[in-house]
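Letter by letter, the chains look like this.
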Number of protein chains: 4
Amino acid sequence: MSNNPYKSIKEQAYEANMALPRLGLVLFTFGNVSVVDRDKGVFAIKPSGVPYELLKPKQIVIVDFDANVVEGKHRPSSDTKTHAVLYKHWEKIGGIVHTHSTYATAWAQAQRDIPIFGTTHADHLTVDVPCAPPMDDDMIKGNYEYETGFQIMNCFKDKKLSYEEVEMILVGNHAPFTWGKDADKAVYNAAVLEEVARMALLTEQANPQAPRLKDTLIRKHFERKHGPDAYYGQE
Amino acid sequence: MSNNPYKSIKEQAYEANMALPRLGLVLFTFGNVSVVDRDKGVFAIKPSGVPYELLKPKQIVIVDFDANVVEGKHRPSSDTKTHAVLYKHWEKIGGIVHTHSTYATAWAQAQRDIPIFGTTHADHLTVDVPCAPPMDDDMIKGNYEYETGFQIMNCFKDKKLSYEEVEMILVGNHAPFTWGKDADKAVYNAAVLEEVARMALLTEQANPQAPRLKDTLIRKHFERKHGPDAYYGQE
Amino acid sequence: MSNNPYKSIKEQAYEANMALPRLGLVLFTFGNVSVVDRDKGVFAIKPSGVPYELLKPKQIVIVDFDANVVEGKHRPSSDTKTHAVLYKHWEKIGGIVHTHSTYATAWAQAQRDIPIFGTTHADHLTVDVPCAPPMDDDMIKGNYEYETGFQIMNCFKDKKLSYEEVEMILVGNHAPFTWGKDADKAVYNAAVLEEVARMALLTEQANPQAPRLKDTLIRKHFERKHGPDAYYGQE
Amino acid sequence: MSNNPYKSIKEQAYEANMALPRLGLVLFTFGNVSVVDRDKGVFAIKPSGVPYELLKPKQIVIVDFDANVVEGKHRPSSDTKTHAVLYKHWEKIGGIVHTHSTYATAWAQAQRDIPIFGTTHADHLTVDVPCAPPMDDDMIKGNYEYETGFQIMNCFKDKKLSYEEVEMILVGNHAPFTWGKDADKAVYNAAVLEEVARMALLTEQANPQAPRLKDTLIRKHFERKHGPDAYYGQE
C-alpha cells in the first residue's frame, strides 16, 4: 500500500474504526467510521460487514461524494451514501461516525431529543441532542441511505442548528451519527454521546421531574471549553 | 480424536460453546450450543454442567435426533431433547444455542414479546421477538425438555412464523433459544437478541409510549441485509 | 506455613476469597469468605480490611465457633461473629460468603424478598429469596454481628425454610449472605444470587405485573438439578 | 525530576489520577485528582485535558491556594480554583477528587441528595450524600470554579455537616467532588460514592417506598469503622 495515494486516510479510517469496539460502542459490525480528503474529493470508509477483529487498513474503501467507489476491492459500508451526502453539503467536517451504541440508540428508538441535564452535556453542546423524526415512506422506499443524509440536514435546518456547533444527532428509530473536524473527534463525540445518553436516562429515573440545565450554566460550561476565552485543555 | 468421525462437528461445537462466555452470554454453565451433521443424522452438544474454562473438544457429546447418545463419555446437556426435537422437525437449521442471557431472560420472565422498536432489530427480523407461553402442567410433568421443543414449534405455528426468517424465541418463564444455518450464526443471533432485548427495555424507560417501528422501515432494513437485492456485507 | 495444621482451610479460604473480585461481587474489601474444619471446630476467614490484591494465604485467620481467634496475626473480618453463629447452629454447612454485591444489596435495601420469576432461579431454590427484616434496636446496640447470625436463623424459622435447601438470604438494609457444603459452592451461590437479583429487577421493569413462576415449573427445574432423579451435570 | 522539591506530591498525584480510569470512574479526561503539601502551601493537580493514557508524572502542575501556578509547564485542570478554595478553607484535607462518574452524576443532575438506604452507605457516612443546589447566576457568570468551592462549603454550613465526617458532595447539575486525609482516600471515596449512588437508584426501582436506614443501624455501622472502638480493618 506504500504508493497508494489514499494511504493516509485509509490508515486514519482504520485506526478510528478500531477505536469503536475498544470504547464499547459496537457489537459485531454495527458501526462505521469515515475520513475525508477534501483535496481529492473522496473519503475512506469501512468495508461492509467485515468484523473488526479481521479488519485491515488495505480493506478500507475509497469513495467519492456521490458514493461511487474510487479505490478498493470491497463493497463499502451500507451507510456510505449517508456519509457522502454529509461530506458534500457540510464542507467543514473531516470525519463521520455511525454506531448503534446502546443508550443513544434507545433514545433514538424512543424518538426523543436527549434533554440537557448537566455540565457533562454542556461541555460539548448547548442544546438537547436532536432526534430527527423517522423518514416519510417515500424517502424510505426510495434511495434510503441517501435520504438519511437529507433527513439529518433537514432536522438541523428545522431546529436552526449549526453542524459546526452540534456534532451529533439521533436518527429516529435508527441510531446515532456523529462528526467532527477529523475522525478522532467524531469517535470522541460518539463516546460522549453514549455517556450523555446513559446519564440522561438515569437522571430521569432518579427524578422524573429533573429540570433542564439553566441557561447560564449551559453557556458557562460550553465557553470554558469552546469560547474565545476557553481555558480547558492545553493551548 | 484424529480418527473420530465426528471430529469436525465436535470441534465446531467446542468453538461455538466457547464463544458464549467471551460474548458475556453465560454465567457458569447456564448455556449450551449444538452443531448438526445432517448426513450422519447426529448433532454435537456440550456435556452437562461442565464449566467452560474446563471444557475440551473431546468432551463434546454426539447425540441422534431422538436424543440417544451415539458417542462420548459424558452426559449431554440437560436441554438435549429440546435440541433434538428442533433438528428433527426444522430441517434447515445447522446450529442451536440456548442461554440464560440477562436481558433476554428478563423479557422471557416478563412473558412478553420484545417489540420491534428500531432498525437494529429490523436488520435481523421483521417481527417482535416471539415469547412462547409457559407450558401446560401436563407437558411440564411429562417429558419436559422434549415438550419444550414442541412448545417452541407450536408458538411458531400459532404466530405463523417461519423458522428460516425468525431465528430466535423466548420460552416464557425460562430463557432464549436461537438457531441458524450453522452454530456461528446461532451464536451471533444469541448476542444480537441480548442487545435487542437490552435496547428495547431502555427504549420503554426513555418513552413508555415508544411506537413500534413502522412497516416501511422494517421492510427496508431487513431487505438490505436479507432481500434478493441485499447490499450489506461482502458477496 | 508447611506445618500449619490449618494450611488446607487457609488455602481454600484464600482461593475462595480471591474468586469474589474475579466474579465482580466486591468493591474494595466489601466481602469475605470462610471455610470450616468441623473436626477441629474452627473456621478460616479473611482478615478485616485487607485489600484483595494484597491478600496472602498466610494472612487468613483461624477462629473457633465462639469467634475466638485460634491462629493468625491479623484481626478477622468484622463479620466473623455472624459466620461463627451460623457454623455453630447449622451443622452441615462448609463455607459462608458475605458480599455487598450491587443488585442483591439493592433488594436487601428495598427490604423485599426476590420473587421467583423463572427457571434460572428455580434451578437453585424453590422459593423467593428470603429477606430478613432489619433487627430490633436492642439487637443492634448489643452484640451486633452475633445477633445478625440469629436474625438470619430466625428468618428461616419464621418462613419454615431449610438451610440445606435454601442457601442464601438477604439481611434487610444490609446485604446478602450465602453458604453451601463448601466455600466454592457458597461463592457459586453468591454469583447466582447476584444474577437472579438482577434478572428479577429487569423483569419487573419489563412487566410490573410479571407473574411468579408456576409451581409445576418450580418443582421440575429444581428436581432436574437436585431431586433423586437429577439429570443435570455429570455423575 | 530528581531534584524537584514537589517530586513526592507529583508522583502521588500521578498515581491517584491513574486510579480513576482503572476504577471505571472517568471517560476520557472527565476527572482530576490533587494532592496537597501543607508545609509548602501548594498542591499538585492534573494538567487540563491531557488523556490518562498519555499522562506522565512530570506533567502534574503545582499550584498555590490562590490557584497561581508555582511549577510546571502545563495549564492545570480547569477545576483548579475549586480545589484551591477547599484546601485553603478545609485545613485537614490532603487530597481532592473530581469525576463525572455515571451514577453519582445522574443524582447530581436529578438535584437530589442520595438517601441513606443501607449499611454500605452507613459504613462511610451517617447522612444522605448532600447535593448542593445549582449556583446563582451571579456566581456562575463571575469566577465560576472559585465560586464552586464556596457553593460546596455553603452547602455544608447550611446542612450543618462536617467535612471531616462527610467526605463527598454532589454539585447540582454538575458532578461529584470527594476528599480525604490523602489522595488515596479521596479516590476510595469517589469509588464508594459511585457504588452507593448506583445501589440507591436500584433500591428505589425495587421499592419506590424503600425506607431510609434507621438511626441505630446508621450509628452502629459507622462506629464499627470509624468510632473510638472501631473494629474494622487492622490497627
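Residues numbered from 1 in each chain as written. Chains lettered and ligands numbered in written order. Predicted model: local features only at pLDDT ≥ 70, side-chain atom pairs only at ≥ 80, totals over all residues. Heavy atoms only, no water.

(A) View of the interface of chain C and chain B. In this assembly, 35 residues from chain C lie in contact with 36 residues from chain B. When the two sides are added together, the surface that chain C and chain B hide from each other amounts to roughly 3000 Å², 55% of it contributed by carbon and sulfur. When the buried surface of chain C facing chain B is broken down by residue, C:Ala206, C:Tyr232 and C:Gln234 rank first, second and third, together holding 18% of it. Of the charged contacts in the structure, one is a salt bridge between C:Lys214 and B:Asp137, with a shortest N-O distance of 3.2 Å. One can count 21 residue pairs in polar contact (both at pLDDT 80 or more) joining chain C with chain B. Counting residues per element, the ones that place at least two in the side of chain C that touches chain B are α4 (119-122), α7 (183-206) and α8 (215-226) of chain C. Looking at the side of chain C that touches chain B element by element, the count peaks at eleven residues for α7(C). (Contact = heavy atoms within 4.5 Å. Buried area = accessible area lost by both parts, 1.4 Å probe. Salt bridge = Lys/Arg side-chain N within 4 Å of Asp/Glu carboxyl O. Polar contact = N/O pair within 3.5 Å; in protein donor to acceptor, adjacent residues only side chain to side chain. Helix = DSSP H or I, 4+ residues; strand = E, 2+ residues; numbered from the N terminus.)

(B) Spotlight on the relation of the copies chain D and chain A. Rotating chain D by 90° about the axis while translating it 0.0 Å along that axis superimposes it on chain A, leaving an RMSD of 0.0 Å. Given the turn and translation reported, the copies of this chain are related as if by a four-fold rotation axis. Relative to the rotation axis, the closest C-alpha in chain D is found at D:Gln205, a distance of 5.9 Å. A share of only 3% of interface residues in chain D that are also interface residues in chain A marks the association as one of differing surfaces. (Least-squares fit on C-alpha atoms with pLDDT ≥ 70 in both.)

(C) Here's a closer look at the packing of aromatic side chains. Residues and elements named next belong to chain A. Across all of its chains, the model carries 40 aromatic pairs over all chains by this definition. An aromatic cluster of three or more residues is present, and its members are Trp-90, Phe-156, Tyr-163 and Trp-179. Between the NZ or CZ atom of Lys-46 and the centre of the ring of Tyr-52, over which it lies, the distance is 4.9 Å. (Phe/Tyr/Trp six-rings, centres within 6.5 Å; stacked < 30°, edge-to-face > 60°. Lys NZ or Arg CZ within 6 Å of the ring centre and 35° of its normal.)

(D) Representation of the pairing of strand β8 (residues 176-180) of chain B within the structure. Residues and elements named next belong to chain B. Along β8, five of the five residues are buried, which leaves the element largely enclosed by surrounding structure. Here β8 shows a buried face lined by Pro-176, Thr-178 and Gly-180 and a second buried face lined by Phe-177 and Trp-179. Relative to β8, strand β5 (residues 95-99) runs antiparallel, the two being bridged by four bridges. The residue of β8 that forms the bridge with His-98 is Phe-177. The antiparallel hairpin formed by strand β7 (residues 168-171) and β8 contains four residues in its connecting segment, where Asn-173 sits at a positive phi of about 70°. (Buried < 20%, exposed > 50% of the residue type's maximum accessible area, 1.4 Å probe, protein only. Pairing = 2+ DSSP bridges.)

(E) Local environment of the state of the cysteines. Residues and elements named next belong to chain A. For the coordinates displayed, the defined rule picks out zero disulfides over all chains. Residue Cys-131 stays outside any disulfide, its sulfur separated by 7.5 Å from that of Cys-155, the closest cysteine. We classify Cys-131 as buried; its relative accessible area is 9%. (Disulfide = S-S within 2.5 Å.)

(F) View of the environment of A:Trp90. Residues and elements named next belong to chain A. Structurally, Trp-90 can be placed in the loop between α2 (80-89) and β5 (95-99). Spatially, the C-alpha atoms of Trp-90 and Val-192 are 21 Å apart, while their sequence positions differ by 102 residues. In this structure, Trp-90 is in contact with Arg-38, Ile-152, Met-153, Phe-156, Tyr-163 and Trp-179, ignoring residues within four places of it in sequence.

(G) Spatial organisation of the relation of the copies chain C and chain B. Under the fitted operation, chain C is carried onto chain B by 0.0 Å of movement along the axis and a turn of 90°, and the coordinates agree to an RMSD of 0.0 Å. The residues that chain C uses at the interface reappear at the interface of chain B in only 3% of cases, marking distinct surfaces.

(H) Region of the structure containing helix α2 (residues 80-89) of chain C. By the criterion of burial, α2(C) is predominantly enclosed, with seven of the ten residues buried. Buried residues in α2(C) make contact with β1 (31-37), β2 (42-45), β3 (61-64), β5 (95-99), α6 (144-158) and β8 (176-180) of chain C.

(I) Examining the sheet that holds strand β6 (residues 131-132) of chain A more closely. All names here are of chain A. Spatially, the eight strands line up as an open sheet ordered β4-β3-β2-β1-β5-β8-β7-β6, and their pairing is mixed. Sheet topology places β4 (69-71) and β6 at the edges, where each strand pairs with a single neighbour. Pairing of strand β3 (residues 61-64) with β4 involves two bridges; the strand directions are antiparallel. Bridge pairing in β4 links Ile-62 to Glu-71.

(J) Structural detail: the sheet that holds β5(B). Residues and elements named next belong to chain B. Strand order across the open sheet formed by eight strands is β4-β3-β2-β1-β5-β8-β7-β6, with mixed pairing between neighbours. Each of the sheet's edge strands pairs with one partner strand only, and the pair in question is β4 (69-71) and β6 (131-132). Relative to β8, helix α7 (residues 183-206) is tilted by about 140°, and along the sheet it contacts β1 (31-37), β5, β7 and β8. (Axes fitted to C-alpha atoms, helices over the stretch in contact; angles between N-to-C directions.)

(K) The arrangement of the interface of chain D and chain A in detail. Listed by partner, the interface residues are 36 residues for chain D and 35 residues for chain A. Counting the surface lost from both chain D and chain A, the interface buries some 3000 Å², and carbon and sulfur atoms represent 55% of this. At the junction of chain D with chain A, the criterion picks out three salt bridges. Between A:Arg224 and D:Glu145 there is a salt bridge, and its shortest N-O distance comes to 2.5 Å. For the pair chain D and chain A, the number of links is 21 residue pairs in polar contact (both at pLDDT 80 or more). Only α3 (102-110), α5 (137-141), α6 (144-158) and α7 (183-206) of chain D provide two or more residues apiece to the side of chain D that touches chain A. Here the side of chain D that touches chain A gets seven residues from one element, more than from any other, and that element is α3(D).

(L) View of the UniProt feature "domain: Class II aldolase/adducin N-terminal" (unreviewed entry) in chain A. Taking the numbering used here, the UniProt-annotated feature "domain: Class II aldolase/adducin N-terminal" (unreviewed entry) corresponds to residues 11-201 of chain A. Span residues 11-201 of chain A is 39% helix and 18% strand, its end C-alpha atoms 36 Å apart. (UniProt positions renumbered as here; feature names shortened; annotations may be inferred.)

(M) Geometry of α2(A). Within α2(A), burial applies to A:Thr80, A:Thr82, A:His83, A:Ala84, A:Val85, A:Leu86 and A:Tyr87. Lining the buried residues of α2(A) we find β1 (31-37), β2 (42-45), β3, β5, α6 (144-158) and β8 (176-180) of chain A.

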